[in-house]
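Structural overview
The primary structure of each chain is shown beneath.
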Amino acid sequence: MRHLLDTVHLSREDAIRILDVAETMSDVSGREVKKLPALRGRTVVNLFFEDSTRTRISFEAAAKRLSADVINFSAKGSSVSKGESLKDTAQTLQAIGADAVVIRHPASGAAQRLARTDWIDAAIVNAGDGTHAHPTQALLDALTLRRELAARAGVEPTGRGLDGARVVIVGDVLHSRVARSDVWLMHTLGARVTLVAPPTLLPVGIETWPCDVEYDLDNALATGPDAVMMLRVQAERMHGAFFPSVAEYSRRWGLNEARLGLLTPEAIIMHPGPMNRGLEISAAAADSPRSRVLAQVANGVAVRMAVLYLVLSGAPSTEGA
Amino acid sequence: MSAYLIRNAALLGEEPTDLLLVDGIITTVAAGGSLEAPGAEVIDAVGLVALPGLVDPHTHLREPGREDAETVETGTRAAAKGGYTAVAAMANSLPVADTAGVVEQVWGLGRESGWVDVHPVGAVTVGLEGKALAELGAMAESRAQVRMFSDDGHCVSDPVLMRRALEYVKAYDGVVAQHAQEPRLTEGAQMNEGIVSAELGLPGWPAVAEEAIIARDVLLTEHVGSRLHVCHVSTAGSVEILRWAKARGVNVTAEVTPHHLLLTDELVREYDPVYKVNPPLRTAADVEALRAAVADGTIDCIGTDHAPHPTEAKECEWAAAAMGMTGLETALPVVQHALVETGLITWADVARIMSATPATIARMEGQGRPLAEGEPANLTLVDPAATTIVNPDTHATKGRNSPYRGMSLPGAVRHVFFQGKQTVRAGELVHSSTAAKAEA
Ligand SMILES: [Zn+2]
């Protein structure tokens, strides 16, 4: 795997391989000495054009546990939205010998640009680009759900997909790179995904996505999903007339206490964070035993270790970009 | 005296014909191989198609103000190389061409360069801001004799202002050329709204934002009895509205760009900003509808929307990139490929949509005339059997932002005559033919 840019072009084989390596990495994280020498001498740059402390520290922890040298490059606030500096920055990182660049950028496609131009030779890992993709988030979601399904079936998760699982993803799909990455990855792994949102927060053109679309959350929950993923909804969307009020959104699409009661006993709740308690998710849901929010965070480090390891170890595979 | 004898050119793609050009006029048109003209330079045109000099109703020459992107000199060289003898220069320069002074400046630069006629387009509103009418009358009566007015790059979205502009230009036999884009529906828009934008997570530019303005404007035009030209029509729905308006007798004309006749939004998938353009590349169904609309006359002409940009404006992430593509030097090959070789139109139709009609719309005297005795000697000889791999690095325009880089396209412009002077010989610019600054 040369780069990790999105999940649309990730094969099932590669996806399962990442998840399997992540399981191994997870064991490391459980040890007293949480460190492997795998990437000693390699340089990983966290190139963040957008604030995201959570994602950055997750990648940083992942790289450090693999003994890589980590450089954090926060480009936010400079004249980065002016275009040429992405090229300049990339060439600077090339000059200092970056082996992998983890990029977070507000513009959709920024990771592709780094991977497809001759600005830089490093492996590119997309840590979220605009409203396009966030593949490591999708992978950690898949890892979390796969473990859950395996535990339920009393088997080892390794080598398996998400075949037969039913996943409901609720919220602002239009502006969500997480939803885009989840839909394709979970579909590739054999899960059946249903997106639930107000029609204003679903993109025109969604009809070709490999998932079902539903406007009514109660209908979706009545199908007995294995996992419900709540997407973050920004209250400011109200000003773009995407929904009339926070109260109405919360009533119709929020995971409140009544809706918790509709879930099957095994169903889990996921959220990519940070949560808007009281908007898309109630405190009762967020703090319920079904919640896997903290497991997701822990799994994020394992998945990012796996991705960095695979793009930097140069192991042959199908085109995973 | 300057004289050229063009021998055995296929006149509008038909019979071999000899044409004698003397002092800027086509003096004789006769059967192929029948003319002798001692003293005249002979151009062997066997296998070449003779077309009237091409006319572009929609060019961005960037001067004054953005000479880093293009100048009148470089832009008109590109035009000549593309087979053109006249261009309409859009008003979105810096300063904006919204006064008699600026349009006369551009007109004068065109005269100095001498490669093609440059007809400045006047802005409809002051500063292209869509708030107050520019001095349309002063521009019309200036030496530039402006007849086409446009805020291109921006839509005249205020319906009252658009109505007034349409009314006002009637006094000068003018036309309002509308860049049809409802601004509220396209805030932050990055590409065509549809299947590809949904997947790529790029804010969409919906077809309805174009169609709603065209629908409004044809109704306004009918109501006030004026003349409307629609720039760069890009959707199948726009074609339907235009067809309806023309059937009602509305005095509306429309242009389509070469790129909207060939390229689709599928090309955006790699986020290469060379494909970023406004209006955006649409779907294959739109391309098909646009081609059919040219064939049936619903779309009247080809406008290049030639929009050169410096390299750094495209060497960046998609959202930060400038919108626009170069087009003057590839327009004829794209039209041959998309329309002639598909059997949709003939070379005579090419002459109509790329010369006669745009010249009439923009009221360009001496342009778009038939290749007949007594007419001005503006003509282009194209080799339809040639094939070119497009290499923007060899183009005369300063812009390297051609979406056709590496593409194999048919047809090559061999010779161009502008007012009887040869501006292009064997595909290369003839520098002695103009008063142009040698170093430019
Ligand atoms: Zn325009």
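Residues and elements named next belong to chain B. Around the zinc ion, the protein contributes the donor atoms Asp-152 (OD), His-179 (ND1) and His-232 (NE2), at 1.9 to 2.2 Å from the metal centre. On the primary sequence, the residues serving as donors to the zinc ion are separated as D-x26-H-x52-H. Taken together, the positions of His-179 in the loop between strand 10 (175-178) and strand 11 (191-192) and His-232 in the loop between strand 13 (228-230) and helix 7 (236-247) put the pair 53 residues apart, joining distant regions of the chain. Assessed through its relative accessible area of 2%, His-179 is described here as buried.

Attention now goes to the interface of chain B and chain A. Counting residues at the interface gives 20 residues for chain B and 26 residues for chain A. Counting the contacts that link chain B with chain A gives three salt bridges. Glu-270 of chain B serves as the salt-bridge partner of Arg-116 of chain A, at 2.5 Å between the closest nitrogen and oxygen. Tallied by class, residues from the side of chain B that touches chain A come to ten nonpolar, two polar and eight charged.

With that settled, consider unusual backbone geometry. Residue and element names in this part refer to chain B. The amide bond that connects Glu-63 to the next residue, Pro-64, takes the cis arrangement and shows omega of 5 degrees. Looking at the element boundaries, Pro-64 is found in the loop between strand 6 (54-59) and helix 1 (72-81). In this chain, Leu-94 is followed by Pro-95 through a cis amide linkage whose omega measures 0 degrees. Along the chain, the position of Pro-95 falls in the loop between strand 7 (84-89) and helix 2 (100-113). Even without being a glycine, Asn-8 presents a positive backbone phi close to 65 degrees. Topologically, Asn-8 is positioned in strand 1 (residues 3-11). Phi angles above zero are rare outside glycine, and Gln-419 is one such case at about 50 degrees. When you line up the elements, Gln-419 lands in the loop between strand 17 (408-418) and strand 18 (421-425).

The predicted model of chain A averages 92 in pLDDT, with 95% of residues at 70 or higher. Low confidence marks residues 316-321 of chain A, where pLDDT is under 50. Its contacts with residues over four positions away, or in another chain, come to 21 contacts.

Another aspect to go through is the domain arrangement of chain A. Residue and element names in this part refer to chain A. Its domain assignment divides chain A into domain 1 (12-134 + 297-313) and domain 2 (136-293). The interface of domain 1 with domain 2 comprises 29 residues on the first partner and 31 residues on the second. Interface area for domain 1 against domain 2, summed over the two sides, is near 2,300 Å², with a carbon-plus-sulfur share of 54%. Counting every contact that joins domain 1 to domain 2 gives four salt bridges.

The next point concerns the pattern of salt bridges. Throughout the structure, instances matching the rule amount to 39 salt bridges over all chains. Between Glu-248 of chain A and Arg-251 of chain A there is a salt bridge, with its nearest N and O atoms 3.9 Å apart. Taken together, the residues Glu-248 of chain A and Arg-251 of chain A, both in helix 8 (residues 246-253) and three residues apart, mark about one turn of the helix. When the shortest N-O distance is used, the salt bridge between Glu-199 of chain B and Arg-269 of chain B registers 3.0 Å. Pair noted here: Glu-199 of chain B is in helix 5 (residues 195-200) and Arg-269 of chain B is in the loop between strand 14 (252-256) and helix 8 (284-295), with a separation of 70 residues, a long-range link. A relative accessible area of 25% places Arg-269 of chain B in the partly exposed class. When salt bridges that share partners are traced, they join Glu-50, Arg-104 and Arg-177 of chain A into one network.

Attention now goes to the packing of aromatic side chains. Residues and elements named next belong to chain A. Per the counting criterion, the structure on display carries five aromatic pairs over all chains. Taking 5.7 Å as the distance between ring centres and 35 degrees as the angle between the ring planes, the aromatic pair formed by Tyr-249 and Trp-253 counts as tilted. On the criterion of helical spacing, the pair formed by Tyr-249 and Trp-253 is a turn pair, its members being four residues apart in helix 8. Trp-253 carries the same exposure label as Tyr-249, and that label is buried.

With that settled, the discussion passes to the packing of helix 1 of chain B against helix 2 of chain B. All names here are of chain B. One way to put it is that helix 1 packs onto helix 2 with a least axis distance of 9 Å and a crossing angle of 60 degrees. Between helix 1 and helix 2, the angle falls in the class oblique. Crossing of helix 1 against helix 2: the hand is right-handed. Touching Val-72, Glu-73 and Thr-76 of helix 1 are Leu-109, Gly-110 and Ser-113, all from helix 2. Of the residues contributing to the contact of helix 1 with helix 2, the split by class is two nonpolar, three polar and one charged.

Time to look at helix 2 of chain B. All names here are of chain B. Relative to the 20 Å expected for 14 residues at 1.5 Å per residue, helix 2 spans 20 Å between its end C-alpha atoms, a close match to the ideal helical length. Looking only at helix 2, the buried set comprises Val-102, Val-103, Val-106, Trp-107, Leu-109, Gly-110 and Ser-113. Each buried residue of helix 2 sits inside an arc of 155 degrees when the element is viewed along its axis, so together they form one side. Buried residues along helix 2 sit against helix 1, strand 7, strand 8 (117-120) and helix 3 (136-141).

Where strand 1 (residues 43-48) of chain A and strand 2 (residues 69-74) of chain A come together, six bridges link them in parallel fashion. Within strand 2 of chain A, the residue paired with Val-45 of chain A across the bridge is Ile-71 of chain A.

A few words on the pairing of strand 6 (residues 192-196) of chain A. Residues and elements named next belong to chain A. Among the five residues that make up strand 6, four are buried, leaving the element largely enclosed by the rest of the structure. Relative to strand 6, strand 5 (residues 166-170) runs parallel, the two sharing five bridges. Along strand 6, the bridge assignment pairs Val-168 with Thr-194. With respect to chirality, the unit in which strand 5 leads through helix 6 (residues 177-188) into the neighbouring parallel strand 6 is right-handed. Pairing analysis gives three bridges linking strand 6 to strand 7 (residues 212-214), with the strands arranged parallel. Bridging across to strand 7, Val-196 finds its partner in Glu-214.

A complete count under the given rule lists zero disulfides over all chains for this structure. The cysteine Cys-301 of chain B is free of any disulfide, with Cys-231 of chain B supplying the nearest cysteine sulfur at 9.2 Å.

Further remarks concern the confidence of the model for chain B. Summarising the model, chain B shows a mean pLDDT of 96, and 98% of its residues fall at 70 or more. Per-residue pLDDT stays below 50 along residues 436-440 of chain B; that stretch engages in nine contacts with residues further than four places along the chain or on separate chains.

So, how was this worked out
- Residues numbered from 1 in each chain as written.
- Chains lettered and ligands numbered in written order.
- Predicted model: local features only at pLDDT ≥ 70, side-chain atom pairs only at ≥ 80, totals over all residues.
- Heavy atoms only, no water.
- Donors = N, O, S within 2.8 Å, 3.2 Å for Na, K, Ca; no water.
- Helix = DSSP H or I, 4+ residues; strand = E, 2+ residues; numbered from the N terminus.
- Buried < 20%, exposed > 50% of the residue type's maximum accessible area, 1.4 Å probe, protein only.
- Contact = heavy atoms within 4.5 Å.
- Salt bridge = Lys/Arg side-chain N within 4 Å of Asp/Glu carboxyl O.
- Nonpolar A, V, L, I, M, F, W, Y, C, P; charged D, E, K, R; others polar.
- pLDDT = per-residue confidence, 0-100.
- Domains from an automatic or database assignment.
- Buried area = accessible area lost by both parts, 1.4 Å probe.
- Phe/Tyr/Trp six-rings, centres within 6.5 Å; stacked < 30°, edge-to-face > 60°.
- Axes fitted to C-alpha atoms, helices over the stretch in contact; angles between N-to-C directions.
- Parallel < 35°, antiparallel > 145°, perpendicular 65-115°, else oblique.
- Left-handed = near helix turned anticlockwise from the far one by under 90°.
- Expected span 1.5 Å × (residues − 1).
- Arc of directions from axis to C-beta.
- Pairing = 2+ DSSP bridges.
- Right-handed = clockwise from strand over helix to strand, strands pointing away.
- Disulfide = S-S within 2.5 Å.

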